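These are the residues of each chain, in order.
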Amino acid sequence: RKAVALELGIVLPMIRIRDNLQLRVNQYQIKIKGSVIAGHTLMVNSVLALDSGLAYQKLDGIETIEPAHGTPALWIDRAMKERAEVVGYITVDPASVLVTHLTEVIRTHASELLNRQETQKLIENVKQTNDAVVNELIPAQLSLGEVQKILQNLLHERVGIRDLNTILETLADYAPRTKDLDQLSEFARASLARQLCKQYQEEDGVMRVITLAPTVEQQLREGVQPTANGNMLAIDPQFAQGLLRGINQQVEYAVQQGYNPILLCSGQIRLPLKRLIERSQPSLPIMAYTEIVPKVEVEAVGNVEVELSLV
């Protein structure tokens, strides 16, 4: 909970642990507000072996899936731990598997955990050091619920709101011009550009990105349409399928190279594109060119083109 507070800027409610005799032996479930969100099975007397990409020998074990990221893995006997590490596997004990899975679920559903009461507490904390921005913004320009929605939009894309002072300052600057919460969320993202770049830089300080071919960008810009649920992409279904296929291919290739890629595009299409690909690539970050701060090294590791088959 402390680590999540430092990363995302929200304080989680207490995590309750209950025994459930209806579950199978070694099975667990993670619930939010009473609904089952995720679950898996732990082999408590084994360790989980993950191929680091450098493994050069197969191991005997029970095939499974690492629950947090969905990658293939093996449950192996504890006595095989050292040997597995020697031949290129990463080994994880069952407790760490559970905690990692729980943390990933929290990151994914953080926006659902931020209610009005928690939002009020966060704003009161800011008010102690910067009451001017709070008094100017709430409720004269935005209601508490509207600020909550903007913060939820940020958390939904795993953007931490720990720097709430900067977020509120930005909202106070732009709220007199627009009351569109999506647009205000994009302004807030831009104000956190340095934080975003640091979040997505690899260990060597480089951001690995996937770009869109100019013709694809142009067609997507022309397809942006305002709706009751915000800007959406109104594009040909065949083109949409080709786009999703191209993005999936480039992401898969980048991951095979050992990178955690970001999709980079123009600010005009960033949010509508996120909404389009969220089902197929829920954890793929999408950044706008304007969110890249100066002196951050960017390396393109893929480019998405759309090939249409004519019948």
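Residues numbered from 1 in each chain as written. Predicted model: local features only at pLDDT ≥ 70, side-chain atom pairs only at ≥ 80, totals over all residues. Heavy atoms only, no water.

**With respect to the overall build of the chain**
The number of helices and strands found in the chain is 13 helices and 12 strands. When its C-alpha atoms are laid out on the principal axes, the chain stretches across 65 × 55 × 40 Å. The buried share of the chain, taken over its 311 residues, is 44%. Relative to all contacts within the chain whose residues are 6 or more apart in sequence, the contacts with residues 24 or more apart total 69%. Surface exposure of the chain reaches about 17,800 Å², of which carbon and sulfur atoms provide 50%. Separation between the mean location of the 31 positive side-chain charges and that of the 37 negative ones in the chain comes to 6 Å. (Helix = DSSP H or I, 4+ residues; strand = E, 2+ residues; numbered from the N terminus. Buried < 20%, exposed > 50% of the residue type's maximum accessible area, 1.4 Å probe, protein only. Contact = heavy atoms within 4.5 Å. Areas by Shrake-Rupley, 256 points an atom, 1.4 Å probe, with all protein chains shown as cover. Lys, Arg positive; Asp, Glu negative; His and termini not counted. Charge placed at Lys NZ, Arg CZ, Asp CG, Glu CD.)

**Here we look at the packing of aromatic side chains**
All chains considered together, the criterion is met by 1 aromatic pair. Where Tyr174 meets Phe187, the ring centres are 3.9 Å apart and the plane angle is 10 degrees; that geometry is what we call stacked. Residue Tyr174 is located in helix 8 (residues 164-174), and its partner Phe187 is located in helix 9 (residues 181-191); the two are separated by 13 residues in the primary sequence. With relative accessibility at 24%, the residue Phe187 sits in the partly exposed group. (Phe/Tyr/Trp six-rings, centres within 6.5 Å; stacked < 30°, edge-to-face > 60°.)

**Points about the environment of Glu7**
Following the sequence through the fold, Glu7 ends up in helix 1 (residues 2-8). Under the relative-accessibility criterion, Glu7 is labelled partly exposed at 39%. Setting aside residues no more than four positions away along its own chain, Glu7 makes contact with Arg107 and Gly160.

**Digging into the sheet that holds strand 4 (residues 62-66)**
Strands in a sheet are paired, the pairing made by backbone hydrogen bonds, and the direction either parallel or antiparallel. In spatial order, the strands read 4-5-3-6; together these 4 strands make up an open sheet with antiparallel pairing. Looking at strand neighbours, the two that pair on one side only are strand 4 and strand 6 (89-92), the edges of this open sheet. With direction set aside, neighbouring strand axes in the sheet form an average angle of 40 degrees. One ladder, built from 5 bridges, connects strand 4 with strand 5 (residues 71-77); its direction is antiparallel. By the bridge assignment, Thr64 is partnered in strand 5 with Ala73. (Pairing = 2+ DSSP bridges. Axes fitted to C-alpha atoms, helices over the stretch in contact; angles between N-to-C directions.)

**Description of the layout of surface pockets**
To locate leftover empty space, one rolls a probe as large as a water molecule over the atoms. Within this model, the second largest pocket holds a volume of roughly 1,200 Å³. Forming the walls of the second largest pocket are 28 residues, and the residues nearest its centre are Arg16, Ile17, Gln29, Ile30 and Lys31. The dominant element in the lining of the second largest pocket, judged by the number of residues it contributes, is strand 1 (residues 27-32), at 6 residues. In terms of residue class, the lining of the second largest pocket is built from 17 nonpolar, 5 polar and 6 charged. (1 Å grid on protein atoms, 1.4 Å probe; cavity = no way out; pocket = protein on both sides within 12 Å on 5 of 7 lines; lining within 4 Å. Points joined across faces, edges and corners; volume = space filled by probe spheres on them. Nonpolar A, V, L, I, M, F, W, Y, C, P; charged D, E, K, R; others polar.)

**Focus on the pattern of salt bridges**
For the structure on display, the rule yields 12 salt bridges. The network of salt bridges with common partners includes Glu157, Glu186, Arg189, Arg270 and Glu291. (Salt bridge = Lys/Arg side-chain N within 4 Å of Asp/Glu carboxyl O.)

**Thoughts on the state of the cysteines**
Enumeration over the complete set of coordinates arrives at 0 disulfides. The thiol of Cys197 is not disulfide-bonded; the next cysteine sulfur, from Cys265, is found 14 Å away. Overall, Cys197 belongs to the buried group, its relative accessible area being 1%. (Disulfide = S-S within 2.5 Å.)

**Some details on the packing of helix 5 (residues 116-127) against helix 8**
One can describe the packing of helix 5 onto helix 8 by two numbers: an axis separation of 10 Å at closest approach and a directional angle of 90 degrees. In terms of their interaxial angle, helix 5 and helix 8 are classed as roughly perpendicular. For the pair formed by helix 5 and helix 8, the contact residues are Leu122, Ile123 and Val126 on the first element and Leu164, Asn165 and Leu168 on the second. (Parallel < 35°, antiparallel > 145°, perpendicular 65-115°, else oblique.)

**Overview of the side chain of His40**
Mapped onto the fold, His40 is located in strand 2 (residues 35-41). Polar contacts involving the side chain of His40 include one to the main-chain carbonyl oxygen of Ile65, which spans 2.9 Å. (Polar contact = N/O pair within 3.5 Å; in protein donor to acceptor, adjacent residues only side chain to side chain.)

**Here's the deal with the nonpolar core**
Core analysis: the biggest nonpolar cluster contains 42 residues, and Ile10, Leu137, Ile161, Ile167 and Leu168 have the highest contact counts within it. For Leu137, the residues in contact, after removing those within four places along its chain, are Leu142, Val147, Leu168, Leu171, Ala172 and Ala175. Residues Ile247, Leu263, Leu284 and Val304 belong to the second largest nonpolar core, which totals 24 residues. (Core = buried A, V, L, I, M, F, W, Y, C linked by side-chain atoms within 4.5 Å.)

**Considering the side chain of Gln148**
For Gln148, the position within the fold is in helix 7 (residues 144-156). If we skip the residues at most four places from it in the chain, Gln148 touches Leu114, Asn115, Arg116 and Thr119.

**Regarding the packing of helix 7 against helix 8**
Between two packed helices, what matters for the description is the angle formed by their axes and the separation of those axes. Where helix 7 contacts helix 8, the two axes come as close as 12 Å, and the packing angle between them is 120 degrees. Taken as axis vectors, helix 7 and helix 8 run oblique relative to one another. Seen from above, helix 7 lies across helix 8 with right-handed handedness. On helix 8, the residues that touch Val147, Ile150, Leu151 and Leu154 of helix 7 are Leu164, Ile167, Leu168 and Leu171. Of the residues in the contact of helix 7 with helix 8, the class split is 8 nonpolar, no polar and no charged. (Left-handed = near helix turned anticlockwise from the far one by under 90°.)

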